[in-house]
Each structure stands twice: as C-alpha cells, then as structure tokens.
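Chain residues, written in single-letter form:
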Amino acid sequence: MAADQEFPKRMQRIEALVQALEELPDPTARDTAREMVRALLELHSAGLARLLELVAGVGGQALLDRLARDDLVGSLLLLHGLHPVDLEARVRQALERVGSRLRAHGAEVELISLDGGTARLRLRGGGASTAALRQAIEDALTEAAPDVTTLAIEEASPPDGTRFALPIVPPGG
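The model shown is predicted, which means the values in this text are computed figures rather than measured ones.

Undergrad: Go over the layout of surface pockets with me, naming the residues and quoting the values.
TA: Roughly 1200 Å³ of internal volume is contained in the largest pocket. Only helix 1 (3-22), helix 2 (27-57), helix 3 (61-69), helix 4 (71-79), helix 5 (87-104) and helix 6 (130-144) provide two or more residues apiece to the lining of the largest pocket. The leading source of residues in the lining of the largest pocket is helix 1, at 9 residues. In this structure, the second largest pocket occupies an estimated 150 Å³ of space. Lining the second largest pocket are Arg92, Leu95, Glu96, Gly99, Leu102, Arg103, Ala107, Glu108, Val109, Glu110 and Leu111. Looking at the lining of the second largest pocket, the elements that each hand over two or more residues are helix 5 and strand 1 (107-115). Residue contributions to the lining of the second largest pocket peak at 6 residues, all from helix 5. When the residues that make up the lining of the second largest pocket are grouped by side-chain class, the tally is 5 nonpolar, 1 polar and 5 charged.

Undergrad: Summarise the nonpolar core; cite the residues concerned and give the values.
TA: Counting 22 residues, the largest nonpolar core has Val91, Leu95, Leu102, Val109, Leu121, Ile137 and Leu141 as the members making the most contacts within it. Leave out the neighbours within four places in its chain, and Leu121 touches Leu95, Val109, Glu110, Leu111, Ile112, Ile137, Leu141, Leu151, Ala152, Ile153 and Glu154. Listed in part, the 6 residues of the second largest apolar core include Leu48, Leu52, Leu77 and Leu82.

Undergrad: I'd love a proper account of the pattern of salt bridges, names of residues and values included.
TA: Considering all chains together, one arrives at 12 salt bridges under this definition. With its nearest N and O atoms 3.0 Å apart, the salt bridge here joins Glu88 to Arg92. Placement of the pair is Glu88 and Arg92 together in helix 5, with a separation of 4 residues, close to one helical turn. The partner of Arg134 in a salt bridge is Glu138, and the shortest N-O contact between them spans 3.0 Å. Note that Arg134 and Glu138 are positioned in helix 6 at a spacing of 4 residues, about one turn of the helix. Just as Arg134 is buried, Glu138 falls in that class too. The structure contains a network of salt bridges with shared partners spanning Glu108, Glu110, Arg120, Arg122, Arg124 and Glu154.

Undergrad: Outline the environment of Leu76, listing residues and values.
TA: Tracing the chain through its elements places Leu76 in helix 4. Linking Leu76 and Ser45, residues 31 residues apart in sequence, is a C-alpha distance of 8.8 Å.

Undergrad: Could you give an account of the packing of helix 2 against helix 3, with specific residues and numbers?
TA: In contact at an axis separation of 7 Å, helix 2 and helix 3 are set at 145 degrees when each is read in the N-to-C sense. Residues Leu52, Val55 and Ala56 of helix 2 lie in contact with helix 3, whose contacting residues are Leu63, Leu64 and Leu67. Of the residues that constitute the contact of helix 2 with helix 3, the class distribution is 6 nonpolar, no polar and no charged.

What counts, and where the lines are drawn
- Residues numbered from 1 in each chain as written.
- Predicted model: local features only at pLDDT ≥ 70, side-chain atom pairs only at ≥ 80, totals over all residues.
- Heavy atoms only, no water.
- 1 Å grid on protein atoms, 1.4 Å probe; cavity = no way out; pocket = protein on both sides within 12 Å on 5 of 7 lines; lining within 4 Å.
- Points joined across faces, edges and corners; volume = space filled by probe spheres on them.
- Helix = DSSP H or I, 4+ residues; strand = E, 2+ residues; numbered from the N terminus.
- Nonpolar A, V, L, I, M, F, W, Y, C, P; charged D, E, K, R; others polar.
- Core = buried A, V, L, I, M, F, W, Y, C linked by side-chain atoms within 4.5 Å.
- Buried < 20%, exposed > 50% of the residue type's maximum accessible area, 1.4 Å probe, protein only.
- Contact = heavy atoms within 4.5 Å.
- Salt bridge = Lys/Arg side-chain N within 4 Å of Asp/Glu carboxyl O.
- Axes fitted to C-alpha atoms, helices over the stretch in contact; angles between N-to-C directions.

So far we have only geometry, and geometry alone does not tell us how the molecule works.
Now the structure itself:
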C-alpha cells in the first residue's frame, strides 16, 4: 500500500487510540499514557530536527526541499514545527497550484492577509461554480498548510455592488 494511502489510516488509528486513552477510568493511567506520548513526540521532534541539521550541513538544500514536499515527511515536519517552508510560502504555493483550475472557470483567488493561523482570501469570478471552487481552495490549503486554523474566503463584489461573505471554516471542517 502506498504511503499516501497508509497515512490517513494511521492517523485514524491514532485518533481512536487517543479517544480510548481519554476514556480510561483510571486518571493515573491516563496521565502516565499522556506523558509517554509527549515524551515520544519530543524524542521524535529532536531526532527530526537533528536530521534536518545534518542534511543542511552537507549542503542538502535540494534534499530538504524534497523532504518538505513529501506528504508523509512534510506532515511530520509540520507536526513538530520543523517544516522548512514558512506558512505564507506554503499558502501561496497552494493558491498557485489551484490557480489553473480556478482560471478554467473564470475565477481567481488572492491572499488578503495571513495572521497567525488565519488566512483571509478573496475569490473573484467563478459564477455558479463558486462552491466547487471554494472546496478546491480549501482542499489545496488543507494539503499544503494544515496549520491554517481558520480560513475566510470572501467573494469579490459583483458589478451591482452586492457582497457575499462565505463562512469561516477550519480546514477539514
């Protein structure tokens, strides 16, 4: 099975285990298990950080870029706050990737602001297919920048001056 197919299954398994952990009747067992998970995450984070240092130390920028683009490795780097590409660059890259699909529907999207984990976008054009285009934008951002915690997409004013605001929806929500 390909890594990209295994990752969602592994995440679902982890979520199920965390839920089972939270339902343990013994608070000492819950606290011990939580501490073990934290310690493992800290160990993995330190190991990944050292790996990135070693790769960068031998002039491996091309390898760092490749690691960052890999779905599984990039996700792990994000989880540990080690992704070498900053949030704004990843948001802009996602918008560029979805741009051709939008243009095919006579639409375009622009990044208005990025404050912390909140991205504000403006969608122009698209006519009746706005919902599908909005979903394509959300999917692209969820994949490239899952650390965007709040996404607000507003539609540009149509010629008659009417404005439509789309609701704020967290990625994957």
